[in-house]
Every structure is written in C-alpha cells, then in structure tokens.
Amino acid sequence: MQLTFLGTGAGAPGLQRNVTSIAFTWSSRGDTWLFDCGEGTQLQYMRSPLKPSRMNKIFITHLHGDHIFGLPGLLTSRSMGGITEPLTIYGPEGIKRFVETALSLSGSYTDYPLEIIEIEAGLVLDDGEFRVSAWPLLHPVPCFGYRIEQHDKPGFLDAARLKEEGVPRGPWYQQLKAGEAVTLEDGRVINGADYLGPATRGKTLAIFGDTAPTPMALQLAADVDLMVHETTLEAALQEKANGRGHSTTLQAAQVAKEAGAKRLIATHFSSRYLPRDMPRLLEECRSVFPNTELAQDLAVFTL
C-alpha cells in the first residue's frame, strides 16, 4: 500500500505546492482511490507513475475549492483518454450538484459509468477488502475525515498437516482456507479453522479533511498505522488557525499522540511557508510526536 501526495498546499496552488489531493494505491495492479481533488490534480497525476485507468473511487472531504476544483477536468479527461471503467465519487451533500452542474454548463460528459454518492457520518463502504467510514470534523462547512480499515487476512492453511492426517486434496480446500468445516466422503468432519495459522492484521489509516481540534479526531485516528492530518499553520498562529477551522503543527501532533497512531504525515501547508520553513514545522511536530514526516508534492509513503 502506498500514499502519493499529489498536492500538499492549502487554499491556492503555489510554485512549491499544488493544492490538496492524495492517491491511495492498494494492490499489485495499482488500483487507486483518490482523496480530494484540488485544482491541477490531473497535471500532478501525469507527473506521477499512477495510472488514471486504475482510479476507481474518489473520496471528497468537503466542498471548499482547494479540495474539489480539479474534479470536472479530471473526470472529462478520463473520458478523453478512452477509459471506460466505472468511477464512484463519495462526498458531502452538494457534491453531486457541483459535478453535474460543472459538466452540464461546460457541455462536458463522461463515457464511463459515473456514480456520485452523498455521504453522512458512518460506514461509507465495505467491499470485503476494506471498510471505509466517514467521521465529522470541525470546519466552516461540513467536512469529513476518512478511516480506512483493511480486513484481516486469514492465516495460511497447513496443507502438510492435512496430508499427514489423510485429508485428500480437493475443491474443499477453498472452504478450509476460509475457516469453514467440510464433511469428507469417509464421514469425517474437518474444521478449517483448526488448520489455519495466525491471521495477518489488516492495515488502518486515517485521512483527515480540514479541521480545528475536535474530540472526534481521537476516534477517527485511534491506533491507526498511519495518520494524515492538516497542519495549515505553525504553533504560534493557533488562534488564527482554529478560527478558520484549521489546526497547527502541535495540535496535529497531539492528536497523533493521544490517539495512539503509529505514524503521522503532516500536510496542507499555508502558502506563507517556503521550503526553508519546513524544517521548523517538522521540528514543532516532532517535539510532541517524534514519528512525524512532512508531505511534499509527489512524495510516496509506503504502509
């Protein structure tokens, strides 16, 4: 699993940073889910190794422009590129009207099945491999964070032991791998769970939208392997950040610490910060939560 940061800036694109978008790649085939789609996201996509045809879901945290203005262009370019695979967009109330209005007024269209689902807090989807839930945050407009939980993988089936005990190979092995019980031709009942090794715990991550400090953050990020949180401003500008529904470096790090997260990636930096400022922001985060990294455009992090 990988996270590719296509944009790490807040508000407006700059020479150092594009605005927010994160690609979550989770299979050997490169299947990709996109989280937010700020202006210029498709250009960043072209600069990355990601394949547009593998993108099948887009999750929007909220409807501020620096998180959605890249959607119409991305959707229409996908059609122009001959991609016909279905795409689903998840987002707060209003995302459907925004997309349909932009496409209609510009005379644009999509040649692939496009589904737009307006979400509420709670379970968003469970596809058997991942469970995605939306958690309300504290921002001037309705805004969500997404918690992505990979289902645990069953342990390996002990085929050698089954052979030793005279259990012949057959189609029932698939049932045994699933931990189910099967009845053999000789009448023996074999419980697959007795022949499975320990399950592999699935990965968990939390991707925050824009937010001022909120108690909900601790539940969203509880014990995650990786947490992505905005750090729009430095600690000295806490009042300004919180007044606009944002967090500071120290506040993001405190959430990671209290939630029991294993790693923190800070992103969504104000355009006031130049490359020379970033070590100082990182130092502020690490003073509270040492296992912090700062995102930069096109950076790739592996889970």
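For the structure, check the block above.
Residues numbered from 1 in each chain as written. Predicted model: local features only at pLDDT ≥ 70, side-chain atom pairs only at ≥ 80, totals over all residues. Heavy atoms only, no water.

Caption draft 1: Spatial organisation of unusual backbone geometry. You will see that Asp-36, though not glycine, has its phi angle at about 70°, which is positive. Counting through the fold element by element, Asp-36 comes out in the loop between strand E3 (32-35) and helix H1 (41-47). For Leu-298, which is not glycine, the phi torsion reads 75° and is therefore positive. Positionally, Leu-298 belongs in the loop between strand E15 (292-294) and strand E16 (300-302). (Helix = DSSP H or I, 4+ residues; strand = E, 2+ residues; numbered from the N terminus.)

Caption draft 2: Structural context of the packing of helix H9 (residues 249-259) against helix H10 (residues 278-286). Here H9 crosses H10 at 35°, and the two axes come no closer than 8 Å. Here H9 and H10 pass one another in a crossing that is right-handed. Across the interface between the two elements, Thr-249, Leu-250 and Ala-253 from H9 touch Leu-281, Glu-284 and Cys-285 from H10. Taken together, the residues of the contact of H9 with H10 sort by class into four nonpolar, one polar and one charged. (Axes fitted to C-alpha atoms, helices over the stretch in contact; angles between N-to-C directions. Left-handed = near helix turned anticlockwise from the far one by under 90°. Contact = heavy atoms within 4.5 Å. Nonpolar A, V, L, I, M, F, W, Y, C, P; charged D, E, K, R; others polar.)

Caption draft 3: Just the packing of aromatic side chains, in detail. In this structure the tally under the stated criterion is twelve aromatic pairs. For the pair Phe-24 and Trp-33, a centre-to-centre distance of 6.0 Å together with 65° between the ring planes defines the contact as edge-to-face. Here the two residues Phe-24 and Trp-33 agree in accessibility, since each one is buried. Seen from their ring centres, Trp-26 and Phe-130 are 5.3 Å apart, and the 70° between their planes marks the pair as edge-to-face. Separated by 104 residues along the polypeptide, Trp-26 in the loop between strand E2 (21-25) and E3 and Phe-130 in strand E8 (residues 130-136) bring together distant segments of the chain. A single burial state applies to Trp-26 and to Phe-130, both of which are buried. (Phe/Tyr/Trp six-rings, centres within 6.5 Å; stacked < 30°, edge-to-face > 60°. Buried < 20%, exposed > 50% of the residue type's maximum accessible area, 1.4 Å probe, protein only.)

Caption draft 4: How the structure looks around empty space enclosed by the protein. Enumeration over the complete set of coordinates arrives at one cavity of 30 Å³ or more. Space inside the largest cavity adds up to approximately 90 Å³. Lining the largest cavity are 14 residues, and of these Thr-20, Ile-22, Asp-36, Phe-208 and Thr-267 lie nearest its centre. (1 Å grid on protein atoms, 1.4 Å probe; cavity = no way out; pocket = protein on both sides within 12 Å on 5 of 7 lines; lining within 4 Å. Points joined across faces, edges and corners; volume = space filled by probe spheres on them.)

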